[in-house]
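Fold and contact review
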Amino acid sequence: MKKILLIFLLSNLLFGNSYDLKELKQKDNSLAKDYYIYRLLEENNISKNEAQSLNSHIFRYVGKIKTELEKIIPVATYINPLYKQCFTYTKNNILDANLTCQSVRLNSITFIASLNNETRKILASNMQQEKPEIINLLLAFNQEKPVAYLDKKEDVDNFFKLYNYSMKIDYPLSATFINKLSFSQNFKQFVQNVVIKKENPNFSLSLLNVKPENTQENSAFFLGVNALVYNKKDLAFNFFEQAYKSFSKQENKDNALFWMYMIKKDKQDLITLANSTSLNIYNLYARELINLDFPKILNPKPKKETNFFNMQDPFAWQELSKEIANANPDKLKNLANQFNTQETLPIYTYILERLHKFKNHYFIMPYFEFIKDYDTKRQALILAIARQESRFIPTAISTSYALGIMQFMPFLANHIGNKELKVENFDQDLMFNPKIAYYFANHHLNYLETHLNSPLFVAYAYNGGIGFTKRMLARKDLFKKGEFEPFLSMELVPYQESRIYGKKVLANYIVYRYLLNDNIKISDIFENLAQNNDLNKS
């Protein structure tokens, strides 16, 4: 029955857009152009001579397209001709080099680590005038505990060089040094790594000595999370308060304010949170706790006439999205009027969000006719994911070449189409058709929900993969019962993109359940998260 239905869905549809390199070169640079060039590269349809002509045609020369192009045209590491001779010196003969070449080679911490103690000692002496900033790092490698040496010297820059070289290093840092580190631009990433990855327990303990007033935004927030892990509630509150004051985005302020409420239970914080202009899981939870009505949700009802715009053309959307991004308010108003049709509802809403500076909460349900026969929970979940993934733009393409309204990665679309549903002549560009994308999403969610029984966990898996999510839920320190659960675990999800994504999809899900007249308390979802392994189905 499923295969018959799929054949019906696919009838009269084109199996992807076919572009040759000549056609692509005529188009403006965009993610769509990169994607189709990448497809040609993957299919070995670009020669070496053709590849050499592509430099000016690549919109983002990173990631997959860079890797594929460099398989054809390997890129040699650039070495300044002035210093080319320096790279003939190795760890065995570096002392024979002049001071300039020694200095050049010591730019590599990997090279420094390869040297023996005596060589590093001599080089440290040589660098007194040439490169004094490297001396402590050279001598630190000669110590049994390099971090302790850099702590004693209060050498911030070399500490971060050492940490980035080997993140497994760990040692109790002095209060003076950890606070000195807190002023470095490298501190933000350091804190997140230490708190989330949990691989440096001594560093983690040392972070409790950071003065809250020295921190701001994400550094302050994750220091608060770290303090909660050690049950230092007053200290955590001070960090979250600092994060709340310094965050600029309202959703981040709400996250910090939620933790202030959780620690002190000040009802005024809850009231402030409930009246936030941002719609997020914390705002929804606060409104529920104090019995406020659901926040105002907008579902625009556009004009009925059709629009000239081709909703199936990825290049048309790329060109229009640039125009929208560069538009002033008057231009946005004109564009909104132009796209005020049912056919172009996703684009119309996309423009309205920017016109109103994201202060209005638009929750549309385009292409609902394709999911109307699913149960309400599934409808809500598909809509929640589609809103977060693409804002319902059918031909959206991400920087990693995820495709369409449901942003399927090509490998997953091809696996489902070719291996699971066995679609003859399947092409991944079918993901640009909302009917097919919704159908594939429903199929994929059927699979995810055989392993996971919470919309939040399903969202994590949709974004980060089922393997990632199951490994996370198998850990002994996440999503178990505890005073601040499941909220603390939600801050400690190891993959940052999935951590943020899951919260946004969950908020969307609650709203769509509401709009579909199938209300659910967000507190019920939270209560079911903080259980044991029964949430992670085998």
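None of these values were measured; they are calculated from a predicted model.

1. Some thoughts on the overall build of the chain
Secondary structure summary: the chain contains 30 helices and zero strands in total. Taken along its principal axes, the extent of the C-alpha atoms in the chain is 80 × 65 × 55 Å. By the burial criterion, 52% of the 538 residues in the chain qualify as buried. Excluding contacts between residues fewer than 6 apart, the proportion of contacts in the chain whose partners are at least 24 apart in sequence is 62%. Roughly 26400 Å² of accessible area belongs to the chain as shown, and the carbon and sulfur atoms make up 48% of that amount. Within the chain, the 55 negative side-chain charges are centred at a point lying 2 Å from the centre of the 67 positive side-chain charges.

2. A closer look at the pattern of salt bridges
For the structure shown, the criterion picks out 21 salt bridges. The residue K233 makes a salt bridge to E483 at a minimum N-O spacing of 2.9 Å. Pair noted here: K233 is in helix 16 (residues 233-246) and E483 is in the loop between helix 27 (466-474) and helix 28 (487-491), with a separation of 250 residues, a long-range link. A relative accessible area of 29% means that K233 is categorised as partly exposed. The exposed category is assigned to E483, whose relative accessible area is 53%. A salt bridge links R475 to D477; the nearest nitrogen and oxygen atoms lie 2.8 Å apart. When its relative accessible area of 32% is taken as the criterion, D477 is described as partly exposed. One salt-bridge network, held together by shared partners, links R39, E43, D427 and D429.

3. Quick look at the domain arrangement of the chain
One can read the domain layout of the chain as domain 1 (21-72) and domain 2 (365-528). For domain 1 versus domain 2, the distance between C-alpha centres works out to 30 Å. Contact with domain 1, which involves ten residues of that partner, is made by eleven residues of domain 2. In this assembly, domain 1 packs against domain 2 so that about 910 Å² is buried in total across both faces, 56% of it on carbon and sulfur atoms. Together, L31, Y35 and K64 form the three largest contributors to the area buried by domain 1 at its contact with domain 2, with a combined 55%. Within the residue set of the side of domain 1 that touches domain 2, elements represented by two or more residues are helix 3 (31-42) and helix 5 (63-72). Among the elements that line the side of domain 1 that touches domain 2, the one with the most residues is helix 3, at seven residues. The class makeup of the residues in the side of domain 1 that touches domain 2 is six nonpolar, no polar and four charged.

4. Structural notes on the packing of helix 21 (residues 329-338) against helix 22 (residues 345-355)
Two numbers describe how helix 21 lies on helix 22: the axes approach to 9 Å, and their chain directions differ by 155°. As far as their axial angle goes, helix 22 and helix 21 are roughly antiparallel. Handedness of the helix 21/helix 22 crossing: left-handed. Of the residues in helix 22, those touching helix 21 at P329, L332, K333, L335 and A336 are Y348, I351, L352, R354 and L355. Along the lines of polarity and charge, the residues of the contact of helix 21 with helix 22 split into eight nonpolar, no polar and two charged.

Rules of the game
- Positions within a chain are numbered from 1, following the residues in the order the chain's sequence is written.
- pLDDT decides what is reported in this predicted model: residues at 70 or higher carry local features, side-chain atom pairs at 80 or more are listed and counted, and totals for whole chains, interfaces and linings draw on all residues regardless.
- Here the side-chain values reflect all heavy atoms present in the structure, with hydrogen atoms and water set aside.
- Each helix corresponds to a stretch of at least 4 residues labelled H or I by DSSP, and each strand to a stretch of at least 2 residues labelled E; elements are numbered beginning at the N terminus.
- Partly exposed describes any residue whose relative accessible area lies between the buried limit of under 20% and the exposed limit of over 50%, with all areas from a 1.4 Å probe on protein chains only and scaled to the type maximum.
- Residue contacts are defined here by distance: any two heavy atoms, one from each residue, within 4.5 Å place the two residues in contact.
- What sets the accessible areas is the Shrake-Rupley method with a 1.4 Å probe; for residues, cover comes only from the shown protein chains.
- Only four residue types enter the tally: Lys and Arg on the positive side, Asp and Glu on the negative side; His and the chain ends are excluded.
- Where a charge lies is defined by one atom per residue type: Lys uses NZ, Arg uses CZ, Asp uses CG and Glu uses CD.
- In the sections that follow, a salt bridge refers to a side-chain nitrogen of Lys or Arg positioned within 4 Å of a carboxyl oxygen of Asp or Glu.
- Where a domain begins and ends is set by an automatic assignment or by a domain database.
- Once two parts are brought into contact, the accessible area they lose, counted with a 1.4 Å probe and summed over both, makes up the buried area.
- Each residue receives one of three labels: charged for Asp, Glu, Lys and Arg, nonpolar for Ala, Val, Leu, Ile, Met, Phe, Trp, Tyr, Cys and Pro, and polar for the others, Gly being one of them.
- Think of each axis as a best-fit line through the C-alpha atoms, taken over the contacting stretch in the case of a helix, with angles from 0 to 180 degrees between the N-to-C directions.
- Any angle that is under 35 degrees is reported as roughly parallel, and any over 145 degrees as roughly antiparallel; angles of 65 to 115 degrees are reported as roughly perpendicular and all others as oblique.
- By the definition used in this description, the sense in which the near helix is turned from the far one sets the handedness, with an anticlockwise turn below a right angle giving left-handed and a clockwise turn giving right-handed.

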